[in-house]
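Here is what each chain is made of, one letter per residue.
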Amino acid sequence: MSTRTLAVVSAGLSTPSSTRLLADRLTSAAVEALRERGISATVEVVELRQHARDLADNLTTGFANQALRGAVDTVVGADGLIAVTPIFSASYSGLFKTFFDVVEKDALTGKPVLLGATAGTARHSLALEHAMRPLFAYLRATVAPTAVFAASEDWAGGGQGSAALTSRVRRAAGELADLVAGRPPAAPADPFADPATSFADLLRGSGA
Amino acid sequence: MQFGVFTVSDITTDPTTGRTPTEAERLKAVLAIAQKAEEVGLDVFALGEHHNPPFFSSSPTTTLAWIAARTTTLQLSTSTTLITTNDPVKIAEDYAMLQHLAEGRVDLMMGRGNTGPVYPWFGQDIRNGIELAVENYALLRRLWTEDVVDWSGRFRTPLQGFTSTPRPLDGVPPFVWHGSIRSPQIAEQAAYYGDGFFHNHIFWPKEHTQRMVEFYRRRYEHYGHGAADQAIVGLGGQVFMRRNSQDAVAEFRPYFDNAPVYGHGPSLEDFSRETPLTVGSPQQVIERTLGFRDYVGDYQRQLFLIDHAGLPLKTVLEQLDILGEEVVPVLRREFAALKPAHVPDAPTHAARVAAAGGKTDATVHAPADDVTGQVRDEVEVR
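Residues numbered from 1 in each chain as written. Chains lettered and ligands numbered in written order. Predicted model: local features only at pLDDT ≥ 70, side-chain atom pairs only at ≥ 80, totals over all residues.

J.: In this structure, what is going on with the overall build of chain B? I would like to understand it.
T.: Looking only at helices and strands, one finds 13 helices and 13 strands in chain B. Referenced to the eigenvectors of the C-alpha coordinate spread, the extents of chain B come out at roughly 80 × 45 × 40 Å. In chain B, once contacts between residues fewer than 6 apart in sequence are set aside, the share between residues at least 24 apart is 73%. (Helix = DSSP H or I, 4+ residues; strand = E, 2+ residues; numbered from the N terminus. Contact = placed C-beta atoms within 7 Å.)

This is how it looks when you write it as structure tokens:
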């Protein structure tokens with residue numbers, strides 16, 4: 001059985017948070033879906049609330065402090081990403097966006113990503129398609145076709161909404177698992193590896 | 001090992017008084033700081049170059065020439081010279097000129113500049129930053145090492161039969177450092193030429209400096225200039241000292257909290273932990289600075305930033321006294337005792353001239369009188 005890592009980014013603010021709840025459901029479904037594909041997954045969760053001040057500091061200093069660096073490295077180094085945010089004012093939360101603002105813009109290129117969002121009512125659900133999906137398109141991530149939205153009514157036990165949420169979670173997790181299984185394990189680029197093109201080549205591109 | 005100070009030439013409101021110095025005041029303060037640096041026994045003064053407020057230092061060679069005339073031993077450098085937006089022809093001329101006037105006490109540090117709007121003011125584009133640094137520096141080197149240059153490139157007018165004057169003092173160009181916070185390509189450039197590499201070592205965690213310097217040293221060896229531990233490394237650093245470390249923290253905190261670049265963000269304590277910033281007693285500064293060697297190896301130049309963020313001149317001069325009396329003598333002794341014999345000293349003009357086999361006069365005499373266009377023979381016959 002081969003192994004892969006899943007990073008989970010949750011931007012929920014309260015404890016317990018419905019955003020984290022959705023993230024956990026997506027995660028266990030993704031782990032299960034990977035197992036069905038012969039892959040054992042390890043999971044690392046990044047709770048952005050714990051990095052709220054680190055993120056603000058990064059905005060002013062331009063670098064991630066040690067705690068935040070660990071979180072960023074977890075996400076960048078993972079084979080797949082599950083990213084879940086509450087919807088605030090018609091879009092992802094500022095905390096969620098700030099995290100992806102401080103990740104290097106090329107660091108998520110090609111990474112399989114499953115998107116999720118939560119809000120008080122289902123009227124916010126298309127924020128997933130109108131706000132979150134374009135953000136990850138910009139980052140050139142490979143986003144699973146199904147993104148999962150959960151409103152308050154979806155958490156009500158036994159109803160139709162709950163069953164629909166379960167099936168969406170399962171479908172999305174399967175899509176993420178297919179993307180992760182179809183790629184070799186992640187190997188983040190090392191900027192300090194010996195350069196692929198020599199300095200002499202760089203010079204030849206310029207004046208003589 | 002050389003010790004000194006570098007300034008970014010910012011004009012910043014003193015947060016404790018609400019007063020903002022004038023350009024004239026800050027310019028004169030920097031002259032006083034440079035002179036004081038020599039007086040207290042430091043080796044190097046480096047001045048930044050900027051072309052937008054809140055900075056005053058648009059023309060470093062003018063300022064450095066004034067300082068050269070008022071000092072005798074101080075090494076004069078830049079932090080940094082904009083290799084991207086300056087015409088390399090003008091850099092070649094200006095710094096060769098300054099080197100003659102300063103009688104060999106000049107070196108310079110190349111930097112790209114990270115302010116987008118500045119580039120178009122000089123006909124360039126920040127997106128070409130690395131390519132500009134590569135092409136312009138290659139031309140600058142040729143202008144200093146070849147008497148007559150034919151050249152064409154992407155970013156400036158071609159040159160045909162061009163001689164940059166004056167020719168380098170004693171036939172040896174000024175030593176060049178390349179400064180970069182986060183671009184491995186610039187460390188690669190420094191390694192390729194066997195030039196020095198300087199890391200600002202202020203704004204980012206030490207792990208980042210360590211990776212950049214390691215990379216530069218490895219590539220320096222790759223290009224055959226010597227062993228990795230013989231590469232020429234310089235570091236910045238930022239300190240504020242008082243006899244009691246609590247006094248240092250209390251006095252510096254408002255300047256830190258409101259500083260350009262990192263102010264209004266992390267606490268002084270957080271930033272001191274995450275970066276090389278040291279605010280405390282002279283002994284704390286000595287210990288922290290000696291620790292730099294643990295992650296960059298034996299290095300050749302240590303510059304401190306001490307005059308930014310609105311700190312008043314009087315305070316800055318006190319910092320220089322502490323550096324000169326209590327800190328640098330200890331650092332000099334301790335670093336020297338630790339340095340193996342095969343690690344080179346900081347480059348100086350005298351040593352470079354000796355390595356080149358002695359002085360040569362490099363003057364290029366024109367074949368024709370530039371004013372009349374007549375060749376010398378005709379002038380003499382008449």
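Past the structure itself, the notes keep going.
J.: Would you mind going over helix α5 (residues 129-145) of chain B with me for this structure?
T.: In an α-helix there are 3.6 residues to a turn, and that puts residues three or four apart on one side. Taking 1.5 Å per residue, 17 residues should reach 24 Å; α5(B) reaches 24 Å between its end C-alpha atoms and fits that length. Taken together, the buried positions of α5(B) are Gly129(B), Leu132(B), Ala133(B), Val134(B), Glu135(B), Asn136(B), Tyr137(B), Ala138(B), Leu139(B), Leu140(B), Leu143(B) and Trp144(B). The secondary structure elements touched by the buried residues of α5(B) are α7 (199-204) of chain A together with α3 (88-101), β5 (107-111), β6 (149-151) and α6 (184-193) of chain B. (Expected span 1.5 Å × (residues − 1). Buried ≥ 20, exposed ≤ 12 C-beta atoms within 10 Å, placed from the backbone.)

J.: Help me understand the interface of chain A and chain B, please; the structure alone is not making it clear to me.
T.: Buried accessible area, meaning the area lost when the parts come together, often serves as the stated size of an interface. Every contact between the two is made by 17 residues of chain A and, on the other side, 24 residues of chain B. Looking at the side of chain A that touches chain B, the elements with two or more residues in it are α2 (52-61) and α7 of chain A. Sort the elements by how many residues they give to the side of chain A that touches chain B and α2(A) lands first, with four residues. Of the residues assigned to the side of chain A that touches chain B, the class counts are nine nonpolar, seven polar and one charged. (Nonpolar A, V, L, I, M, F, W, Y, C, P; charged D, E, K, R; others polar.)

J.: I keep staring at the sheet that holds strand β8 (residues 175-179) of chain B and nothing clicks. Help me out?
T.: Working definition: the strands of a sheet are paired by backbone hydrogen bonds and lie parallel or antiparallel to each other. Residue and element names in this part refer to chain B. The strand order β3-β2-β1-β13-β10-β9-β8-β5-β4 describes an open sheet built from nine strands, whose pairing is parallel. Of all the strands in the sheet, the pair left with one neighbour each is β3 (75-78) and β4 (81-82). Direction of pairing for strand β1 (residues 2-7) relative to strand β2 (residues 44-47): parallel, over a ladder of four bridges. Residue pairing across strands places Val 5 opposite Phe 45, the latter belonging to β2. (Pairing = 2+ DSSP bridges.)

J.: Would you take a moment to explain the environment of Ala41(A) for this structure?
T.: All names here are of chain A. Within the fold, Ala 41 resides in strand β2 (residues 39-47). Along the primary structure Ala 41 and Asp 24 are separated by 17 residues, whereas in three dimensions their C-alpha atoms are 14 Å apart. Sequence-distant contacts of Ala 41, that is, excluding residues within four places in its chain, are made with Arg 4, Thr 5, Leu 6, Val 31 and Leu 34.

J.: How do you make sense of the confidence of the model for chain B when you look at a structure like this?
T.: Any segment with low pLDDT has predicted coordinates that should not be analysed in fine detail. Looking at chain B as a whole, the pLDDT averages 95, with 96% of positions reaching at least 70. Model confidence for the complex: the whole-complex pTM is 0.91, and ipTM, which rates the interface, is 0.83. (pLDDT = per-residue confidence, 0-100.)

J.: What is the right way to look at the packing of α6(B) against helix α7 (residues 206-222) of chain B in this model?
T.: A pair of packed helices is captured by two measures, namely the crossing angle of their axes and the spacing between those axes. Residue and element names in this part refer to chain B. Direction vectors running N to C along α6 and α7 enclose 35°, while the axes themselves pass 8 Å from each other. The chirality of how α6 crosses α7 is right-handed. Along its contact with α6, which presents Pro 184, Ala 187, Glu 188, Ala 190 and Ala 191, the element α7 presents Met 212, Phe 215, Tyr 216, Arg 219 and Tyr 220. Of the residues assigned to the contact of α6 with α7, the class counts are eight nonpolar, no polar and two charged. (Axes fitted to C-alpha atoms, helices over the stretch in contact; angles between N-to-C directions. Left-handed = near helix turned anticlockwise from the far one by under 90°.)

J.: Can you walk me through the pairing of β8(B) in this structure?
T.: For a regular strand, side chains alternate in direction, first toward one face of the sheet and then toward the other. All names here are of chain B. Burial within β8 is extensive, with five of its five residues counted as buried. Of the two faces of β8, both are covered, the one formed by Phe 175, Trp 177 and Gly 179 as well as the one formed by Val 176 and His 178. Here four bridges tie β5 to β8, and the two strands are oriented parallel to one another. Counterpart to Met 110 in the pairing with β8 is His 178. Note that β8 and strand β9 (residues 196-199) share three bridges and pair parallel. Across the sheet, residue His 178 finds its bridge partner in β9, namely Phe 197. For the crossover that starts at β8, traverses α6 and ends in the parallel β9, the hand is right-handed. (Right-handed = clockwise from strand over helix to strand, strands pointing away.)

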